[in-house]
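Below, each chain spelled out in residue letters.
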Amino acid sequence: MIKIAPSVLSADFVNMEKSIRLIESAGCEFIHLDLMDGRFVPPITFGHHMVKAIRGITDLILDAHLMIEEPQNQINFLAEAGADYITVHWENTVHTHRIIQQIQNKGLKAGISIIPSTPVSAIVEILNFVDLVLVMTVNPGFGGQKLIPECIDKIRLLDKIRQDKGYRYLISADGGINQQTVKLFRETGLDIAVAGSAFFGSEDPVNEVLLLSGRI
Ligand code: DX5
Ligand code: ZN
């Protein structure tokens, strides 16, 4: 069964606590936090202060998705803020193995993410070391975009590599996931589907999670 990780990018920033309680009441385990810096992607969202504030009010697993330049500078801040997972992009980390180590040495789980134009082959050498692979199914930066279905084959390939090599990473998909598109991920090996607008835009987010995860 696919786990749903709501992204607070589409939450009500004035009522963040209410948004977090909604995620809790929907029975989710993960909260997806999109950090954007206006450089790697055009928008700016929030940094470790917001992560710390959210950590202060919930025990759910916090996955910080770093869409920022020089992500290595944020690891200590985010570890102190209480993030559980830090996911960095392959596209802007030259010393990918080092930053994965840096995250894990802090006692956190480390994820690697790829944008739609990056193939799985780019990250093959790091797969043995990561705890999570985040496959972007839209171009990063904005919520509410249309899913690029060609990206889904990457999840099948990542699942095959995981089985063949006995690796341990979770596979997550991010962008354009809703009640219709989530069906495309069945039987692909996907563990976690990130949902921003589908969750917070729903009239009944609790029921939405049941529908998205395939429980009803
Ligand atoms: C986009 C972010 C996503 C975003 C997904 O760059 O990484 O996490 O919140 O939003 P939806 O689910 O609306 O496509
Ligand atoms: Zn994200």
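Residues numbered from 1 in each chain as written. Chains lettered and ligands numbered in written order. Predicted model: local features only at pLDDT ≥ 70, side-chain atom pairs only at ≥ 80, totals over all residues. Heavy atoms only, no water.

## A few points about the environment of P149
Let me state the cut-off plainly: Helix numbers and strand numbers start at the N terminus; a helix is a DSSP run of H or I with at least 4 residues, a strand a run of E with at least 2.
Along the chain, the position of P149 falls in the loop between β6 (132-136) and α5 (152-165). Spatially, the C-alpha atoms of P149 and G47 are 30 Å apart, while their sequence positions differ by 102 residues.

## Focus on the site of ligand 1
Counted only if it meets this: Think of it this way: one heavy atom of a residue within 4 Å of a molecule or strand is enough to make that residue near it. We call two N or O atoms a polar contact when they sit within 3.5 Å, provided that within protein one can donate a hydrogen and the other can accept it, with sequence-adjacent residues counted only if both atoms are side-chain atoms. Per-residue and other accessible areas follow the Shrake-Rupley method at a 1.4 Å probe size, with only the shown protein chains counted as cover for residues. Of the grid points, spaced at 1 Å and generated over the protein atoms alone, those admitting a 1.4 Å probe that cannot get out make up cavities, while open sets with protein on both sides within 12 Å along at least five of seven lines make up pockets; any residue with an atom within 4 Å of a point is treated as lining. Assignment to a cavity or pocket requires that more than half of a molecule's atoms be within 2 Å of the site's grid points.
The environment of ligand 1 is made up of 20 residues, and the closest members are G141, G144, D174, G176 and S197. D174 has a polar side-chain atom sitting 2.7 Å from an oxygen atom of ligand 1. For ligand 1, an oxygen atom lies 2.8 Å from a polar atom in the backbone of G196. For ligand 1, the accessible surface in isolation is 380 Å², of which the surrounding protein chains cover 100%. Taken atom by atom, the bulk of ligand 1 overlaps the largest pocket.

## Some points on the sheet that holds strand β4 (residues 85-89)
In a beta sheet, neighbouring strands pair by backbone hydrogen bonds and run either parallel or antiparallel. Stated precisely, the cut-off is as follows: Two strands are said to pair when DSSP picks up at least two bridges between them. Axis geometry follows a simple rule: fit a line to the C-alpha atoms, using only the stretch in contact for helices, then measure angles between N-to-C directions, giving values from 0 to 180 degrees.
Pairing is parallel across the open sheet formed by eight strands, whose spatial order is β1-β8-β7-β6-β5-β4-β3-β2. If you trace the sheet from one side to the other, it starts and ends with β1 (3-6) and β2 (30-36), each paired once. Each strand axis lies, on average, 25° off the axis of its neighbour in the sheet, ignoring direction. Note that β1 and strand β8 (residues 192-195) share four bridges and pair parallel. Note on β8: the bridge partner recorded for P6 is A195.

## Description of the nonpolar core
As a reminder of what qualifies: Only buried residues count toward a nonpolar core. Its members are Ala, Val, Leu, Ile, Met, Phe, Trp, Tyr and Cys residues joined through side-chain atoms within 4.5 Å. In this scheme, a residue with accessible area under 20% of its type's maximum is buried, one over 50% is exposed, and one in between is partly exposed, where area comes from a 1.4 Å probe on protein chains only. The contact criterion used throughout is that any non-hydrogen atoms of two residues lie within 4.5 Å.
In this structure, V8, I23, L33, I86, V133, L158 and F185 are the most contacted members of the largest nonpolar core, which totals 61 residues. Residue contributions to this core peak at four residues, all from α5. Excluding residues that lie within four positions of it along the chain, L33 makes contacts with V8, F46, V51, I54, L62, D63, A64 and H65. Counting nine residues, the second largest nonpolar core, distinct from the first, contains A5, M136, V138 and V194.

## Description of the coordination of the zinc ion (ligand 2)
Quick reminder of the rule: Excluding water, the donors of a metal are its N, O and S neighbours within 2.8 Å, or within 3.2 Å for Na, K and Ca, and that exclusion means sites may look incomplete. For a four-donor site, all angles between 85 and 135 degrees give tetrahedral; for four or six donors, opposite pairs above 155 degrees with the remaining angles between 65 and 115 give square planar or octahedral; all remaining cases count as irregular.
Surrounding the zinc ion (ligand 2) are the protein donor atoms H32 (NE2), D34 (OD), H65 (ND1) and D174 (OD), at 2.0 to 2.3 Å. For the zinc ion (ligand 2), the six donor atoms in the first shell make angles of 70 to 170° at the metal, a pattern classed as octahedral. Every donor residue of the zinc ion (ligand 2) comes from the same chain, spaced as H-x1-D-x30-H-x108-D. Taken together, the positions of H65 in strand β3 (residues 61-67) and D174 in strand β7 (residues 170-174) put the pair 109 residues apart, joining distant regions of the chain. Look at H65 and you get buried, because its relative accessible area is 0%.

## Structural notes on the pattern of salt bridges
Cut-off, in case you're wondering: The term salt bridge refers to a side-chain nitrogen of Lys or Arg lying within 4 Å of a carboxyl oxygen of Asp or Glu.
For the coordinates displayed, the defined rule picks out nine salt bridges. A salt bridge links D153 to R156; the nearest nitrogen and oxygen atoms lie 2.7 Å apart. Taken together, the residues span about one helical turn, with D153 and R156 both in helix α5 at a distance of three residues. Since its relative accessible area comes to 39%, R156 is described here as partly exposed. A salt bridge links R162 to D159, with the shortest nitrogen-to-oxygen separation between them at 2.9 Å. Placement of both R162 and D159 in helix α5 is noted, with a separation of three residues, approximately one turn of the helix. The pair formed by R162 and D159 is uniform in burial state, with each residue classed as buried.

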